[in-house]
Amino acid sequence: MDAAIETRPGVFKRPTATTGAWSWFSTVDHKKIGILYGATAILFFVVGGIEALLIRLQLAKPDGNVLSPSAYNQAFTMHGITMIFLVVMPLGAAFANYLLPLMIGARDVAFPRLNAFSYWVFALAGIFIYSSFFLGGAPNGGWFGYAPLSTKAFSPGHNMDFYALGLLILGVASTASAVNLLVTVVNMRAPGMSLMRMPVFVWMVFVVQFLLVFALPVLTVGLIQLIFDRLMGTNFFNATKGGDPLLWQHLFWLFGHPEVYILILPAMGIVSEVLPTFSRKPLFGYPVVVFSGIAIGFMGWGVWAHHMFATGLGPVANSAFAVSTMFIAVPTGVKVFNWTATMWGGSLRLKTPMLFSIGFVTMFIIGGLSGVTHAVVPSDYQQTDTYYIVAHFHYVLFGGAMFGLFSGVYYWWPKVFGKLLNERVGKLHFWLMLIGFNLTFAPFHILGLQGMVRRTYTYPKGRGWDGWNFVSTVGAFVIALSLLVFFYNVIVTRRRGAVAGNDPWDARTIEWTTSSPPPEYNFAEIPVIHSVDDFWHRKYVEDKEGRLVRVPSGGADEEEHDRGSGVTDGHGDDHHAIHMPSPSYFPLLAAIGMPIFAYGLIYSRILIAAGALIMLTGLYGWALEPGSE
Amino acid sequence: MRRGRTARRVASLVSLGFFIVLTACAQNAPQDTFHNLGGPVARKELNLSTPVFLVAAIIFFLVEGALVYATIRFRARSDRDVPVQVHGNRVLEVTWTLIPAVILAAIAVPTIGTIFSLASTPSGPNVVRVDLTARQWWWEYKYPDLGVVTANEMHIPLGKNVAIKLRSVDVIHSFWVPRLAGKQDVIPGRTNDLYFSADKAGTYLGQCAEFCALSHANMRLRVIAEPQAKFDAWVQQQKADAIAPTGGDAAHGMDLLLKNQCIFCHTIRGTQAAGKVGPDLTHVAGRMTFAGATFDFTTDNLIKWVSDAPAMKPGAKMGRGLADYHLTPDDVRAIVAYLESLK
């Protein structure tokens, strides 16, 4: 086999390295890809955060002149695009990629090379969108890209071309990844892991992949119509030629609302893992929490027009969407109650991951309640497009999703990197972030109800908005400080962090049975699952009163138990014989073709051809190379 | 003992927080949706919001209270603590599914009632009709029954319903006067309806609420609610043609204006200026503000505006008087004098 590789021409030499800098470009290991997703998302988080700081500086006082109106419009548009598509979604993908196979007892995802392809398409799409800053200006029509403002007649520059094409490419990444994870969950669970034994995080990720698979095509239709309107002179959204601007809004929000649950459900999954672990109690009402997640996933399809109450849909439609929006609060509330009940009567260890999870629940409640107030349509006539809405979705997506994701970062960091993040620094990070977050976004409720409109680059004196805007800007810098503390924590931990061991938190799920970081093949022997929280039940049994009793002489017995029930998949104890997919450059190559193709649509036909050729070369090479050598 | 002191401290902190929030709300905010509302539509919306906010506040304190209590009460005393392993409780699950559902149903009923009551646009001879056209970045109001055309500042008589037809000629805008009514989007290719009335005289501030590009922030508006007699007088004055000034700077300014490109975009009834792109200037001096109700109607502001409009209002469609229309500073002053005469 070695000889065969050597006879190939240089560039097509099959990569073999699984360590070193270059291995990251050819890796198909779900864990490395998960780390890549996470690192890239954090990088974009910093960029999107800087945009947020610029916005807050501009609005710190009336008649601000930190940014020009044009720069402001680019900043708030890119802040939205970045935080949604390049931070929260890929962070969810990072956790899903790294943890999902480990949590279901698999050695990798179903399609490892497709997984690498997803990551590279995502990363390159992010770079593609950001390259617009150097090519005449970034998207400036809002992340929602409302037509006809986003069409050529009103946005003649290339700004919104980058928006439409960039999101289209990101959709490819997410769709590929969603299909991959769906197949993984359906087909690759360890023996004994029935659906109702899966960790809640896996369940939530599973629901999210369904949402992605169904929601992204809707956005894709809208984006392609927009691209046709912009580049080929069609009139889908041109009212003067019989097109309909509202069509865009229906398509965008039919994607956009499930998207909200795409962003929040992984965080809810994380919290559902962290709270039981640090309460030392099982998740209260596991099946109810799972079913609520599924219910949210379904109901999320029937609420999109609540983004459009002021467009004049008429009283019947507005009433229907008001009711559906109100009732989606029911499964959401049920989750909150179950989380609270999980903590109730527990033995809470308030470590950093637990603090972030409790932070998630407390902040999410605020976002959830303000969400119900929007569902009251006549109130929403006043609230929509004001800072009250900005407050609401930041409580959901920052106070909610980001706090949940940070909880996950602190919780699984030791599993991924083998060292525990520093607790004291972590707690400082949490409290600074919680205070900064509330300083920044709580005032938005008041500002919105006092009539401050969104997306305005300036506001005049005498509207009564000066004070709270200043407070909010101060808060934004406290958030920035908290992130610096986090990065300091990462560095300190790298230098002299405590070694984690397999199971530093006395956790419940099977990813904690393997080493930290896990070996390339995850599990030497595929575990056999007997219950929800399988690992926990290997460590503890309950007596008649429901009290915990540690299984006598834990460790040794545990391993015996492991070995006794493990499936050996024919390789016995010889770990090196475990068959893992080989690295490949072709996913990266295929991904590179996409942004080049997109540049071609904007600039030149030659680039279209070049992009297509690169993509095809990548796909052919991929198809023709064996999965492993 | 100690716990009592902590509780008192927390309580005083919370009440301090409330005090700060309340004082902040009480300060003068002319676009406030909660205080000093000027008419029944905004009040109807508020009357629905207030109980919902109260219910939300109660739920907030109960749930957050339970969470904070649990966090403090159930802290691990030692690593060896072993809590009772509770897996769930069917009765509880059903209860906390049903209670929110019932509360939400209770909110839904008046919500739907108010949606329908706000949707029935009033009609009849007592209704003031206004045809509104939104453009980047200003508002045009035509009163079809009264023969009046004006911009940005809408005059309405007290106590009468104003029924507005909203149309846009470019992108989506949203018409909003917070103290009179909630928003209504203005969408190209569609005609939307909005009505409201004012029962308190005064000037109500508002602005475009849907992002409409560069000068979205500078697309403001005002509604001036006045007693019927005053409104009638305003209508009479608006219907009249512009009076040509008889001499001085203003007459010179009129000459300049009519000779320049101004007339392709602006209408001044009584002259040959009949453009339909920009605001009607026939009685522009009767307004308090100009350029999307963004700038006070003062000589200084007007001179700056006519000299270089885009420098004042980003993206303004009007060219630069000095650079594009080759006016001299004296010409500008003369034109401004003419504009100021258009009462």
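Predicted, not measured: the structure shown is a model, and the values here were computed from it.

A short note on the domain arrangement of chain B
All names here are of chain B. Along its sequence, chain B is carved into domain 1 (1-28), domain 2 (31-83 + 121-230) and domain 3 (248-341). Once you take the C-alpha centre of each, domain 2 and domain 3 turn out to be 31 Å apart. Facing 18 residues of domain 2, the contacting portion of domain 3 comprises 17 residues. Carbon and sulfur atoms make up 49% of the surface buried where domain 2 meets domain 3, a total of about 1600 Å² over both sides. If you look at where domain 2 meets domain 3, you find zero salt bridges. Between domain 2 and domain 3 we count nine residue pairs in polar contact (both at pLDDT 80 or more) in total. If one sorts the elements of the side of domain 2 that touches domain 3 by residue count, strand β10 (residues 220-226) sits on top with four residues. Across the side of domain 2 that touches domain 3, the residue classes break down as eight nonpolar, six polar and four charged.

A short note on the interface of chain B and chain A
Interface size is commonly expressed as the accessible area that is lost once the parts come together. Counting residues at the interface gives 89 residues for chain B and 97 residues for chain A. Counting each side, the surface lost to burial between chain B and chain A is near 7800 Å², with a carbon and sulfur contribution of 68%. Two residues, A:Asp244 and B:Arg190, come together in a salt bridge whose shortest N-O distance is 3.1 Å. The tally of links between chain B and chain A comes to 23 residue pairs in polar contact (both at pLDDT 80 or more). Only α1 (2-26), α2 (40-73), α3 (90-119), β7 (181-186) and β9 (202-207) of chain B provide two or more residues apiece to the side of chain B that touches chain A.

Topic: the sheet that holds β9(B)
Hydrogen bonds between backbone groups are what pair the strands of a sheet, and the pairing can be parallel or antiparallel. All names here are of chain B. Taken together, the three strands give an open sheet; going across it, the order is β4-β10-β9, and neighbouring strands pair in mixed fashion. Of all the strands in the sheet, just β4 (153-157) and β9 have a single pairing partner and so form its edges. Neighbour to neighbour, the strand axes of the sheet diverge by 20 degrees on average, direction disregarded. Both β9 and β10 contribute to a ladder of six bridges, which runs antiparallel. Following the sheet pairing, Tyr204 is matched in β10 by Val223. Sitting on the sheet, helix α4 (residues 228-239) touches β4 and β10, and the angle it makes with β4 is about 130 degrees.

Details of the packing of α2(B) against α3(B)
Residues and elements named next belong to chain B. One can describe the packing of α2 onto α3 by two numbers: an axis separation of 11 Å at closest approach and a directional angle of 170 degrees. One way to sum up the angle between α2 and α3 is to call them roughly antiparallel. Along its contact with α2, which presents Val41, Lys44, Glu45, Leu48, Val52, Val55 and Ile59, the element α3 presents Ile103, Ile107, Pro110, Thr111, Thr114, Ser117 and Leu118. Residues belonging to the contact of α2 with α3 are distributed by class as follows: nine nonpolar, three polar and two charged.

Looking at unusual backbone geometry
Residues and elements named next belong to chain A. With an omega of 5 degrees, the peptide bond between Ala147 and Pro148 qualifies as cis. Tracing the sequence through the fold places Pro148 in the loop between α5 (112-131) and α6 (159-187). Look at Asp63: it is not a glycine, yet its phi comes out positive at around 55 degrees. Its place among the elements puts Asp63 in the loop between α3 (30-59) and α4 (69-104). Positive phi, close to 60 degrees, is recorded for Arg455, a residue that is not glycine.

Each value, and the rule that gives it
Residues numbered from 1 in each chain as written. Chains lettered and ligands numbered in written order. Predicted model: local features only at pLDDT ≥ 70, side-chain atom pairs only at ≥ 80, totals over all residues. Heavy atoms only, no water. Domains from an automatic or database assignment. Contact = heavy atoms within 4.5 Å. Buried area = accessible area lost by both parts, 1.4 Å probe. Salt bridge = Lys/Arg side-chain N within 4 Å of Asp/Glu carboxyl O. Polar contact = N/O pair within 3.5 Å; in protein donor to acceptor, adjacent residues only side chain to side chain. Helix = DSSP H or I, 4+ residues; strand = E, 2+ residues; numbered from the N terminus. Nonpolar A, V, L, I, M, F, W, Y, C, P; charged D, E, K, R; others polar. Pairing = 2+ DSSP bridges. Axes fitted to C-alpha atoms, helices over the stretch in contact; angles between N-to-C directions. Parallel < 35°, antiparallel > 145°, perpendicular 65-115°, else oblique.

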